[in-house]
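Structural description and commentary
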Amino acid sequence: MSELTERSELSIKAAELDAADELAKLRSQFVLDDVVYLDGNSLGALPAAVPGRVEDVVRRQWGELRIRSWDESGWWTAPERIGDRIAPLVGAAAGQIVVGDSTSVNVFKAVVGAVRLAGEGRDEILVDATTFPTDGYIAQSAARMTGCTVRAVTPRDVPSALGPRTAAVLLNHVDYRTGRLHDLPSLTSAIHEAGAVAVWDLCHSAGALPVGLDEHGVDLAVGCTYKYLNGGPGSPAYLYVRRDLQDRFDSPLPGWNSHVDPFGMRSEYEPAGGAPRGRVGTPDILSMLALEAALEVWEEVSIETVRTKSLALTDFFLDCVAAYVPEGRVESVTPSAHADRGSQVALRCDDAREVMRRLIAQGVVGDFREPDILRFGFTPLYVGFGDVERAARVLAGLVG
């Protein structure tokens with residue numbers, strides 16, 4: 001089959017897949033242009049509802065109501081209210097997620113809290129050796145604070161690394177570099193069998209695939225909201241504390257917002273019950289309410305449907321790359337098996353930094369990771385199969 005014929009057939013297939021896509025209608029709910037945007041795993045596209053909502057928050061709620069908005073506009077309850085909107089996307093019942101602070105701050109709260117939950121005699125923290133660097137930095141700091149040691153292990157080696165000294169295990173659900181999806185159910189089970197506490201980082205899975213926090217008995221979890229949840233640059237992160245652990249969760253950051261009586265201004269700290277125990281200081285209202293508006297796009301959207309399309313998009317991209325790009329020019333480091341794949345594809349390429357720069361110049365936006373990785377994220381709410389075919393075609397033109 002000639003290259004031209006192959007391209008024509010894949011282009012036709014892309015059009016057919018787009019025509020049958022039940023999520024295609026959601027694309028109009030985002031602010032997009034003719035760029036193929038495959039970097040939603042770093043920063044999601046702008047939902048169209050956000051600018052108007054932010055303007056209302058600034059002009060009316062802040063500009064006119066001013067301090068009255070803490071009550072009248074629901075500012076005070078936003079961290080738990082928005083947490084309940086995120087909950088179904090990660091498989092959690094209401095009342096277990098609080099939104100606020102950065103991912104790093106929430107990782108710190110979760111890891112220290114996990115060690116304290118584990119109790120006496122456990123003084124080792126296992127951390128994902130392939131984790132995003134900040135998680136490792138935070139784990140080291142948490143260890144110094146709690147008198148623990150830290151050991152880095154790959155997720156597949158966690159079961160054999162667990163022991164009677166293990167207090168907490170911090171793992172990424174999806175590897176940020178390769179897109180590998182780790183086995184949350186079996187790893188959580190192994191951690192519990194060893195008597196340790198499981199902490200999961202959901203930054204690269206929430207909004208892209210089912211997580212099942214409640215179903216699989218996860219203890220603590222954190223995640224950002226600016227990737228697949230499209231909350232905007234620096235939008236607040238979230239903390240999940242399983243309901244039956246909330247009364248024992250001892251946060252290392254006991255701010256006034258997590259006090260049982262925050263306006264009592266008591267000198268002695270007494271933690272609030274439930275999800276608010278994970279709060280610290282005054283919520284970042286502008287970013288938080290922008291996130292709330294962004295989450296409206298998820299109304300009546302099934303995360304299972306999103307996962308089905310995600311896998312179809314990544315399958316099709318790999319097919320197009322295999323058809324268009326000369327053999328040996330790029331190599332996928334993302335697992336081919338669906339059970340092991342998140343919602344991104346990482347391609348190894350000798351001159352990856354320059355290739356990505358040129359891709360972006362030609363209207364295909366992904367990103368580069370050291371030393372040689374082209375990383376493409378597929379957000380099913382607004383990425384179509386035509387986008388995928390075009391991205392592979394442009395890539396082939398640059399590396400062929």
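Residues numbered from 1 in each chain as written. Predicted model: local features only at pLDDT ≥ 70, side-chain atom pairs only at ≥ 80, totals over all residues. Heavy atoms only, no water.

**Quick look at the sheet that holds strand S4 (residues 97-99)**
Two pairing modes exist for strands in a sheet, parallel and antiparallel, and in both the strands are linked by backbone hydrogen bonds. Spatial strand order, S4-S10-S9-S8-S7-S5-S6: seven strands in an open sheet with mixed pairing. Of all strands in the sheet, those with a lone pairing partner are S4 and strand S6 (149-153), marking the two edges. Taking each pair of neighbouring strands and ignoring which way they run, the sheet shows an average axis angle of 15°. In this sheet, strand S7 (residues 166-172) lies alongside strand S5 (residues 124-128) in parallel orientation, the contact comprising four bridges. The partner of Glu 124 across the bridge, within S7, is Thr 166. (Pairing = 2+ DSSP bridges. Helix = DSSP H or I, 4+ residues; strand = E, 2+ residues; numbered from the N terminus. Axes fitted to C-alpha atoms, helices over the stretch in contact; angles between N-to-C directions.)

**Considering the packing of aromatic side chains**
Within this structure, the stated rule accounts for 10 aromatic pairs. The interplanar angle of 50° and the centroid separation of 5.6 Å between the aromatic rings of Trp 76 and Trp 256 together place this pair among those described as tilted. In this pair, Trp 76 sits in the loop between helix H3 (69-72) and helix H4 (78-86) while Trp 256 sits in the loop between strand S10 (238-241) and helix H9 (285-294), placing the two residues 180 residues apart along the sequence. Accessibility expressed as a relative area gives 33% for Trp 256, which makes it partly exposed. With a centroid separation of 6.0 Å and 65° between ring planes, the pair formed by Phe 316 and Phe 385 is classed as edge-to-face. Of this pair, Phe 316 sits in helix H10 (residues 303-324) while Phe 385 sits in helix H12 (residues 385-399), placing them 69 residues apart in sequence. The buried category is assigned to Phe 316, whose relative accessible area is 2%. What links up through ring pairs into an aromatic cluster is the set Trp 70, Trp 75, Trp 76, Trp 256 and Phe 263. If you follow Arg 279 out to its NZ or CZ, it ends over the ring of Trp 76, 4.7 Å from the centre. (Phe/Tyr/Trp six-rings, centres within 6.5 Å; stacked < 30°, edge-to-face > 60°. Buried < 20%, exposed > 50% of the residue type's maximum accessible area, 1.4 Å probe, protein only. Lys NZ or Arg CZ within 6 Å of the ring centre and 35° of its normal.)

**Observations regarding the pairing of strand S12 (residues 344-348)**
Side-chain positions along a regular strand alternate between the two faces of the sheet. With four of its five residues buried, S12 lies for the most part within the structure. The pairing of S12 with strand S15 (residues 373-377) spans five bridges and is antiparallel. Across the sheet, residue Val 345 finds its bridge partner in S15, namely Phe 376.

**Some remarks on unusual backbone geometry**
Between Glu 370 and the following residue, Pro 371, the backbone shows a cis peptide bond with an omega angle of -5°. Examined against the element boundaries, Pro 371 turns out to sit in the loop between strand S14 (367-369) and S15. One non-glycine residue, Met 265, lies in positive phi territory at about 55°. One can find Met 265 in the loop between S10 and H9. With a relative accessible area of 59%, Met 265 lands in the exposed category.

**Regarding the UniProt feature "modified residue: N6-(pyridoxal phosphate)lysine" (unreviewed entry) in the protein chain**
Per the UniProt annotation, the sites labelled "modified residue: N6-(pyridoxal phosphate)lysine" (unreviewed entry) are Lys 227. Structurally, the position occupied by Lys 227 is in the loop between strand S9 (220-223) and S10. If sequence neighbours within four positions are ignored, Lys 227 has contacts with Gly 40, Asn 41, Ser 42, Gly 44, Cys 203 and His 204. (UniProt positions renumbered as here; feature names shortened; annotations may be inferred. Contact = heavy atoms within 4.5 Å.)

**Some words on the domain arrangement of the protein chain**
Here the protein chain is described as being made up of domain 1 (3-31 + 301-399) and domain 2 (52-300). Contacts between domain 1 and domain 2 engage 29 residues on the former and 20 residues on the latter. Each partner contributes to the roughly 2000 Å² buried at the junction of domain 1 and domain 2, and carbon and sulfur atoms together form 60% of this total. Of all residues in domain 1, Val 301, Ile 303 and Gln 344 bury the most surface against domain 2, accounting for 29% of the area lost on that side. Taken together, the links from domain 1 to domain 2 amount to zero salt bridges. On inspection of domain 1 and its partner domain 2, the count reaches nine residue pairs in polar contact (both at pLDDT 80 or more). At the level of secondary structure, the elements contributing two or more residues to the side of domain 1 that touches domain 2 comprise H10, S12 and S15. (Domains from an automatic or database assignment. Buried area = accessible area lost by both parts, 1.4 Å probe. Salt bridge = Lys/Arg side-chain N within 4 Å of Asp/Glu carboxyl O. Polar contact = N/O pair within 3.5 Å; in protein donor to acceptor, adjacent residues only side chain to side chain.)

**Looking at the pattern of salt bridges**
Scanning all chains against the criterion turns up 26 salt bridges. With a closest N to O distance of 2.8 Å, Lys 109 and Asp 101 form a salt bridge. When the shortest N-O distance is used, the salt bridge between Glu 331 and Arg 348 registers 3.7 Å. Taken together, the positions of Glu 331 in strand S11 (residues 331-332) and Arg 348 in strand S12 put the pair 17 residues apart, joining distant regions of the chain. Assessed through its relative accessible area of 44%, Glu 331 is described here as partly exposed. Take Arg 348: its relative accessible area is 34%, and that puts it in the partly exposed class. Overlapping salt bridges bring together Asp 219, Arg 242 and Asp 244 as one network.

**Topic: the sheet that holds S12**
Strand order in the open sheet formed by four strands is S11-S12-S15-S14, with antiparallel pairing between adjacent strands. Here the strands that pair on one side only, and so sit at the sheet edges, are S11 and S14. Pairing between S11 and S12: two bridges, direction antiparallel. Its bridge partner lying in S12, Glu 331 is registered against Arg 348. Seen against the sheet, helix H11 (residues 352-361) touches S14 and S15 and runs at an angle of roughly 40° to S15.

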